[in-house]
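In case you want the letters, here they are:
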Amino acid sequence: MADQYSQAIFSGAKWSMITIWYNRCIGLISTLVLVRLLSPEDYGIAGFTMFFVYFFIALSTVGTKRYVLMEDMTDENKLHSIWSLNLLFRIVSAFFLFLSADWVAVYTSEPEIAVVIRVVSIIPVILAFHNVGMDLFEKNFNFKMETMMLMVAKTLGSVCTIAVALIIGNYWALIAGVILMAVIEVITSYILCPFRPRWCTQYWKEQWVISKWLYLVSVSGYMRSRVDMLLLGNILNSRNVGFYNMGQEFSWLPFTDFLAPMNHGAFSVFSKLKDQDSLLKERLYSQMALLMFLAMPVSFGVCAIAEDFVYVVLGEKWIDVIPVMQNLSFLMIVMTMYMLIQTVLILKSRMPLLFKCDCLAILLVIGSFYGSGYDDPDSLSFVRLLVGGIFLVCVTTVFLLVIRLQASRLLPVIFVPFSVSVLMYFSVIAVVSEIDSHFWALLLGIVTGVFVYSVSMLALLPVSIRVIPEYRSIQAKIGKIIRTPMFD
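Since this is a predicted model, take the numbers as computed values, not measurements.

Undergrad: Give a description of the overall build of the protein that names residues and reports values.
TA: If you tally the helices and strands in the protein, you get 22 helices and 0 strands. For the protein, buried positions account for 57% of its 488 residues. Partitioning the intrachain contacts of the protein with sequence separation of at least 6 by distance along the chain shows that 82% fall at a separation of at least 24. Carbon and sulfur atoms make up 68% of the accessible area of the protein, which amounts to about 20600 Å² in all.

Undergrad: With reference to specific residues and values, describe the state of the cysteines.
TA: Within the structure shown, the criterion is met by 0 disulfides. A disulfide-free cysteine, C359 has its sulfur positioned 9.3 Å from the sulfur of C357, the nearest such atom. Unpaired in this structure, C394 has its nearest cysteine sulfur neighbour in C357, at a distance of 8.7 Å.

Undergrad: Would you mind going over the pattern of salt bridges in detail, with residue names and values included?
TA: Scanning the model with the defined rule gives 3 salt bridges in all. R118 serves as the salt-bridge partner of D102, at 2.8 Å between the closest nitrogen and oxygen. Here R118 lies in helix α6 (residues 113–120) and D102 lies in helix α5 (residues 101–108), a separation of 16 residues in the sequence. With a relative accessible area of 45%, D102 lands in the partly exposed category. R118 gets classed as partly exposed once you look at its relative accessible area, which sits at 30%. Here R384 ties to D228 by a salt bridge, and the two come within 3.5 Å at their closest N and O atoms. Within this pair, whereas R384 is found in helix α19 (residues 377–403), its partner D228 is found in helix α11 (residues 204–235), the two being separated by 156 residues in sequence.

Definitions and cut-offs
Residues numbered from 1 in each chain as written. Predicted model: local features only at pLDDT ≥ 70, side-chain atom pairs only at ≥ 80, totals over all residues. Heavy atoms only, no water. Helix = DSSP H or I, 4+ residues; strand = E, 2+ residues; numbered from the N terminus. Buried < 20%, exposed > 50% of the residue type's maximum accessible area, 1.4 Å probe, protein only. Contact = heavy atoms within 4.5 Å. Areas by Shrake-Rupley, 256 points an atom, 1.4 Å probe, with all protein chains shown as cover. Disulfide = S-S within 2.5 Å. Salt bridge = Lys/Arg side-chain N within 4 Å of Asp/Glu carboxyl O.

Spelled out as structure tokens, the structure:
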């Protein structure tokens, strides 16, 4: 049984990473072209606009996917009903997004945003028609279909974005690409899945009992992760918002492209174990050990190579992105921990507690941004990092008390990769500081980081396994590639 669940998580991670890495390759090509065609101001306007789009999407999200994954779906009317409820919320959300356009323009002191907001208000309506039957594939541990859908949408959307950028050369290229991707995603979901949703209200009352908290958690979760963008629109000009937005995007690349996909199948697996407390905890320890094993080095690594990365990939006009990347890279550790905490609290029906945690984070960010008096991306990104650290300590303490995990098993999972990652960081800094070429510094910095962390962890594995038994599965996977002895 354990092997079945491990294989399910691995399958989810595999297909999710195929999706993300493919889309990132396409997106990286697109970005490398677009950063030379568009200005930081363009990215600032587009980034802030999309914040509001996805905020209103979060406001209209009734937890469709999580509801399907958590509940018995033998009655098709349940699928029809949750799709209909989601459709209603999305249409209402789009209407209010359209009406908010003038207010957003006044708030940001950017008059042109009003027109953009009215145009992109169509996105929630488009996504409302997404085929809910696609979620059944994931429920049954079939992650391939969603991968195909997202890959097609990203490819065609990126081509459209570049084409429009070449013609008009401003932020409308980014907007056009996002709208097209939404259209293609919906169309592809009906091509890949034979299920055909229809209007139904039969289970609305029953579904709302669960969905109301999924709804609140969706809204609070989005605000927690992106409230900084909301505040920056009022604190910084569009150019500095563009620097912050670009720094955030690239500093979190390893999380979105690697760490989050590694956890993609966890919700489906944990949902099967939610009534088996001891087995759920063991699976949680194992997943946390794996994610911390990976999150620590990539966070420290991004910080170490940020300067050379910006010069080589983005160009000199983006050098103000460097400190933002360095500061925000460490939030990947916070996001990785919270990703697991969020999953378990939802499955344990502790969503009110999760909502309160999100509200705490939002209040901390608002208070620190306005209370600090800073008005530059560098300082504000550092404030965001400090808030993330405080939030992580608070939430981890609550999690330990509520789920009753053992601190003696959790702390080594964090401390061991943290210590080795610090060693790796200073090794990379020592190497890149001696190289004048940013290209070679970036290349050798990455090689040094991978080498130092890999060799150090391989050397420590026999000892680490004694305090972190979850590392045994990691050692077994490594052993298939490199002959390493197994230790009891």
